[in-house]
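Analysis of the macromolecular model
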Amino acid sequence: MVIAADWAEGFNDAIKMRPKAWKPLLDHKDGSNLLKSVMILCGDKNDVGRDDPAVESKLMAKATDDLPASIIAIHAFWKRQKRLR
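Figured I'd write up the structure that's included with this text. (Residues numbered from 1 in each chain as written. Predicted model: local features only at pLDDT ≥ 70, side-chain atom pairs only at ≥ 80, totals over all residues. Heavy atoms only, no water.)

This brings us to the environment of serine 37. Assignment of secondary structure puts serine 37 in helix H4 (residues 36-42). Looking at serine 37, the relative accessible area reads 4%, which means it is buried. In this structure, the C-alpha to C-alpha distance between serine 37 and isoleucine 15, residues 22 residues apart in sequence, is 14 Å. The residues touching serine 37, leaving out its near neighbours within four places in the chain, are Ala63, Asp66, Leu67 and Ser70. (Helix = DSSP H or I, 4+ residues; strand = E, 2+ residues; numbered from the N terminus. Buried < 20%, exposed > 50% of the residue type's maximum accessible area, 1.4 Å probe, protein only. Contact = heavy atoms within 4.5 Å.)

As C-alpha cells, this is what we get:
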C-alpha cells in the first residue's frame, strides 16, 4: 500500500506539472473515475470520513487493488484521443 501511495503521489505530481496536457482527461465525463484510485491514494487524511482508521484502511486497500486497472484505462483513454486526432 505504501509503494502504491508513493507511486500515486508521483503520478499526481506529473499531472500537476503539465495540467494543460492532462486537461482532456480531467475534463472528460469519466476522467474523474479513471483517476479515482490515484486521488484516493494521494488523499488528504482530513477528507470527510477519512479520520476513521478503519475507513481509511478500506479506502486505501481498494484504491491499491483498483490502481492497475485505472492506469490501463487511462492509457486506453489517451490511445483513443490519439486516434481521434
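Still more ground to cover, so stick around.
This part is about the side chain of serine 70. By secondary structure assignment, the location of serine 70 is in helix H5 (residues 53-84). Aside from chain neighbours lying at most four places away, what touches serine 70 is Leu34 and Ser37.

This next bit is on the nonpolar core. Formed by 18 residues in total, the largest nonpolar core has its most connected members in Phe11, Trp22, Leu25, Leu35, Val38, Leu41 and Ile74. The set of elements that each furnish at least two residues to this core consists of helix H1 (2-17), helix H2 (19-27), H4 and H5. Excluding anything up to four places from it in sequence, tryptophan 22 contacts Phe11, Ala14, Ile15, Ile74 and Trp78. (Core = buried A, V, L, I, M, F, W, Y, C linked by side-chain atoms within 4.5 Å.)

Moving on, we come to the pattern of salt bridges. In total, this model carries two salt bridges according to the counting rule given. The partner of aspartate 27 in a salt bridge is lysine 23, with the nearest N and O atoms 2.7 Å apart. Taken together, the positions of aspartate 27 and lysine 23, both in helix H2 and four residues apart, correspond to about one turn of that helix. Residue classification places lysine 23 among the partly exposed positions, given a relative accessible area of 45%. (Salt bridge = Lys/Arg side-chain N within 4 Å of Asp/Glu carboxyl O.)

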